[in-house]
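Listed below are the residues making up each chain.
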Amino acid sequence: RALCSNTDTIATVAWMVIFGDGLHNLMDGLAIGASFQVSGFSGISTSLAILCEEFPHELGDFAILLNAGMSVRQAMFYNFLSACSCFTGLIIGILVGEDSHVGQWIFGLTGGMFLYISLVDMLPEMNAVDEDEEKKETKQQDSTEKSSFLLRFFLQNLGLLTGFTAMLLLAKYPFEI
């Protein structure tokens, strides 16, 4: 009863986050299920990668739900409810992942989802950091500001390329690593 109270005062963004997270978790489950159909090692490595991605993601979602007007209990319940869609995806992934053609589509969709998340969430955040730093550096000389910008640009892209390279190597040589 307390979980359904004051839903009129909860911001719309909370429901968008819950729905989007449910779809995201469904795709995660599909990827895990299809990976276990390829091999046990592939399934475990995919599960670990998704676990590492999900922990900070769910904490962020929880903070957004609290900020949107949900109580702690409501945020935990709805976050748990959206996380349960991962099990639905897992079952579907195991059932349809036996067909290698379907598994390729699942991996393609999941990879696209991760690229979307990185481009929509990470790049704007990196730009915001650059804008904040530019505001702080308006009093400094142009050469110092330019070198600081180039250093941030280099480090941000190095981090992205390191992540992409690690994923490429894990995909290309899963049993040699």
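Now for a description of the structure that goes with this document. Given the structure is predicted, the values throughout are model-derived calculations rather than measurements. (Residues numbered from 1 in each chain as written. Predicted model: local features only at pLDDT ≥ 70, side-chain atom pairs only at ≥ 80, totals over all residues. Heavy atoms only, no water.)

**Section: the overall build of the protein chain**
Here's step 1: Of the regular secondary structure elements, the protein chain holds six helices and zero strands.
Here's step 2: Each helix and strand of the protein chain, placed in order from N terminus to C terminus, yields the pattern α-α-α-α-α-α.
Here's step 3: A total of 177 residues make up the protein chain; the buried ones form 29% of that total.
Here's step 4: A fraction of 74% describes how many contacts in the protein chain between residues 6 or more apart in sequence connect residues 24 or more apart.
Here's step 5: Total accessible area on the protein chain is roughly 11900 Å²; 71% of this is exposed by carbon and sulfur atoms. (Helix = DSSP H or I, 4+ residues; strand = E, 2+ residues; numbered from the N terminus. Buried < 20%, exposed > 50% of the residue type's maximum accessible area, 1.4 Å probe, protein only. Contact = heavy atoms within 4.5 Å. Areas by Shrake-Rupley, 256 points an atom, 1.4 Å probe, with all protein chains shown as cover.)

**Thoughts on the layout of surface pockets**
In this approach the atoms are scanned with a rolling probe the size of a water molecule, which exposes any empty space left behind.
Here's step 1: By volume, the largest pocket is sized at about 1300 Å³.
Here's step 2: In this structure, the largest pocket is lined by 33 residues; those nearest its centre are Ala49, Thr110, Gly111, Phe114 and Met167.
Here's step 3: Of all elements in the fold, only helix H1 (12–38), helix H2 (40–67), helix H5 (100–136) and helix H6 (142–172) reach the threshold of two or more residues within the lining of the largest pocket.
Here's step 4: If you tally residues by element for the lining of the largest pocket, the top one is H2, at 10 residues.
Here's step 5: For the lining of the largest pocket, the class distribution of residues is 20 nonpolar, 11 polar and two charged. (1 Å grid on protein atoms, 1.4 Å probe; cavity = no way out; pocket = protein on both sides within 12 Å on 5 of 7 lines; lining within 4 Å. Points joined across faces, edges and corners; volume = space filled by probe spheres on them. Nonpolar A, V, L, I, M, F, W, Y, C, P; charged D, E, K, R; others polar.)

**Some details on helix H4 (residues 85–96)**
Here's step 1: Here H4 spans 16 Å end to end across 12 residues, near enough to the 16 Å set by a 1.5 Å rise per residue.
Here's step 2: Among the residues making up H4, those that are buried are Ser85, Cys86, Gly89 and Gly93. For H4, the angular spread of the buried residues around the axis is 100 degrees, confining them to a single face. In H4, the exposed residues that point more than 90 degrees away from the buried face are Phe87, Ile91 and Leu95. (Expected span 1.5 Å × (residues − 1). Arc of directions from axis to C-beta.)

**Digging into the packing of aromatic side chains**
Here's step 1: For the structure shown, the criterion picks out two aromatic pairs.
Here's step 2: Considering the side-chain rings of Trp15 and Tyr78, the 5.2 Å spacing of their centres and the 80 degrees angle between planes classify their relative orientation as edge-to-face. With a gap of 63 residues between them, Trp15 in helix H1 and Tyr78 in helix H3 (residues 72–83) connect regions that are remote in the sequence.
Here's step 3: Its relative accessible area of 11% is what places Tyr78 among the buried residues. (Phe/Tyr/Trp six-rings, centres within 6.5 Å; stacked < 30°, edge-to-face > 60°.)

**A look at the packing of H1 against H3**
Here's step 1: Direction vectors running N to C along H1 and H3 enclose 30 degrees, while the axes themselves pass 8 Å from each other. With respect to H3, the axis of H1 lies roughly parallel. For the pair H1 and H3, the contacting residues are Trp15, Ile18, Asp21, Gly22 and Asn25 in the first and Tyr78, Asn79, Ser82 and Ala83 in the second. (Axes fitted to C-alpha atoms, helices over the stretch in contact; angles between N-to-C directions. Parallel < 35°, antiparallel > 145°, perpendicular 65-115°, else oblique.)

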